[in-house]
Amino acid sequence: AVTAGMQAGMAMTVTQIATAVAAFTWMIVEWMIRGKPTVIGICSGAVAGLVAITPASGFVGPVGSMAIGVAAGVFCYWGVSGLKRMLGVDDALDCFGVHAVGGIVGALLTGVFAIEQYGGTAGLIEGNAAQMMNQVKGIVIVIAYDAIVSLILLKIIDAIIGLRVSDEVEREGLDLALHGEVVQ
């Protein structure tokens, strides 16, 4: 906002709200599904809330940020526990489930909850369906861009140093084979 005005204050407020609500929501979902919450889950939920509110922070109000927090907690939990398994992705740090899913959720819901008073652009709730379409177009463009740039970078890395280690190094473990580190 480049000022200490209402938009900056609201951005800070909704960021805190979405983060807290997403952490709490993730905890509740994990508790319901696995029988107990975990600290790492609550922290992952908080990060998911931060990711999801980022596109919306200057454009939504407290109610919208709460809805975004709930959606981030639910959908990012699913991204980490369900989608990852369905796609067979090796993502030890759950980056895709938290950041990609959270970013998509936040971008879509920005189009729903944007309030003209806060950010100058109305969302679907205020009758601006065009903003929702802008958000969808933006998501598609980002996915295409990321896929193309990632493919180019992976091809360059594969040509220079390769993407895989030998089977022997993989069996021994990368920490020990490449770095000489032993887990105690």
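The structure under discussion appears in the preceding block.
Throughout what follows, the structure given in this document is the object of discussion. Given the structure is predicted, the values throughout are model-derived calculations rather than measurements.

So, about the overall build of the chain. The secondary structure content of the chain amounts to 8 helices and 0 strands. Of the regular secondary structure in the chain, the N- to C-terminal order runs α-α-α-α-α-α-α-α. Here the contacts in the chain between residues at least 6 apart in sequence split such that 60% fall between residues at least 24 apart. As displayed, the chain has an accessible area near 11300 Å², and 68% of this comes from carbon and sulfur atoms. Distance between charge centroids for the chain: 7 Å, based on 8 positive and 14 negative side chains.

What follows covers the nonpolar core. Grouped together as the largest cluster of nonpolar side chains are 26 residues, with contacts concentrated most on Trp-26, Ala-48, Ile-53, Val-60, Ile-68, Leu-109 and Phe-113. Counting residues per element, the ones that place at least two in this core are α1 (6-34), α2 (39-53), α3 (62-87) and α4 (95-113). A total of 7 residues in this core trace back to one element, the largest contributor, which is α3.

Applying the stated criterion to the full structure yields 2 salt bridges. Across the pair Arg-164 and Glu-170 runs a salt bridge, and its minimum N-O distance is 2.6 Å.

Another aspect to go through is a nonpolar patch on the surface. A cluster of nonpolar side chains, Ile-148, Ile-152, Leu-153, Leu-154, Ile-156, Ile-157, Ile-160, Ile-161 and Leu-163, forms an exposed patch at the surface whose accessible area comes to about 890 Å². Assignment of secondary structure puts Ile-156 in helix α6 (residues 129-160).

Right, let's talk about α1 for a bit. When the terminal C-alpha atoms of α1 are compared, their 41 Å separation across 29 residues agrees well with the 42 Å that a helix rising 1.5 Å per residue should span. Positive backbone phi, approximately 90°, marks Gly-35, located one or two places after α1.

This part is about the packing of aromatic side chains. If you walk through the whole model with that rule in mind, you get 1 aromatic pair. The interplanar angle of 85° and the centroid separation of 5.4 Å between the aromatic rings of Trp-26 and Tyr-77 together place this pair among those described as edge-to-face. Residue Trp-26 is found in helix α1, and its partner Tyr-77 is found in helix α3; the two are separated by 51 residues along the sequence. A relative accessible area of 3% means that Trp-26 is categorised as buried.

Take the state of the cysteines next. What the rule picks out here adds up to 0 disulfides. In this structure Cys-76 is a free cysteine whose sulfur lies 12 Å from that of Cys-95, the closest cysteine sulfur available. We classify Cys-76 as buried; its relative accessible area is 0%.

Parameters at a glance
Counting from 1, residues in each chain are numbered in the order their sequence is written. With the structure being a predicted model, the display of local features is reserved for residues of pLDDT at least 70 and the display and counting of side-chain atom pairs for 80 or more, all residues being used for whole-chain, interface and lining totals. Each side-chain value is worked out from all heavy atoms of the structure, with water and hydrogens disregarded. Numbering of helices and strands starts at the N terminus; helices are DSSP runs of H or I of at least 4 residues and strands are runs of E of at least 2. Contact definition: two residues touch when any of their heavy atoms are within 4.5 Å. What sets the accessible areas is the Shrake-Rupley method with a 1.4 Å probe; for residues, cover comes only from the shown protein chains. In this tally Asp and Glu are treated as negative and Lys and Arg as positive; neither His nor the chain ends contributes. Charge positions come from single atoms, namely NZ of Lys, CZ of Arg, CG of Asp or CD of Glu. Joining through side-chain atoms within 4.5 Å is the link that ties buried Ala, Val, Leu, Ile, Met, Phe, Trp, Tyr and Cys residues into a set, and such a set is a nonpolar core. Categorising residues by exposure relies on relative accessible area from a 1.4 Å probe, with only protein chains included: less than 20% of the type maximum marks a residue as buried, more than 50% marks it as exposed, and the intermediate range marks it as partly exposed. The rule for a salt bridge is simple: a side-chain nitrogen of Lys or Arg has to be within 4 Å of a carboxyl oxygen of Asp or Glu. Two distance rules govern patches: like charges are joined within 9 Å, and nonpolar side chains (Val, Leu, Ile, Met, Phe, Trp, Tyr) within 5 Å, applied only to residues with over 30% relative accessible area and no salt bridge. Working rule for helices: expected span equals 1.5 Å times residues minus one. Planes of paired rings set the category: under 30 degrees apart is stacked, over 60 is edge-to-face and the rest tilted, where pairs are Phe, Tyr or Trp rings (Trp by its six-membered ring) whose centres lie within 6.5 Å. The definition used for a disulfide is geometric: two cysteine sulfur atoms within 2.5 Å.

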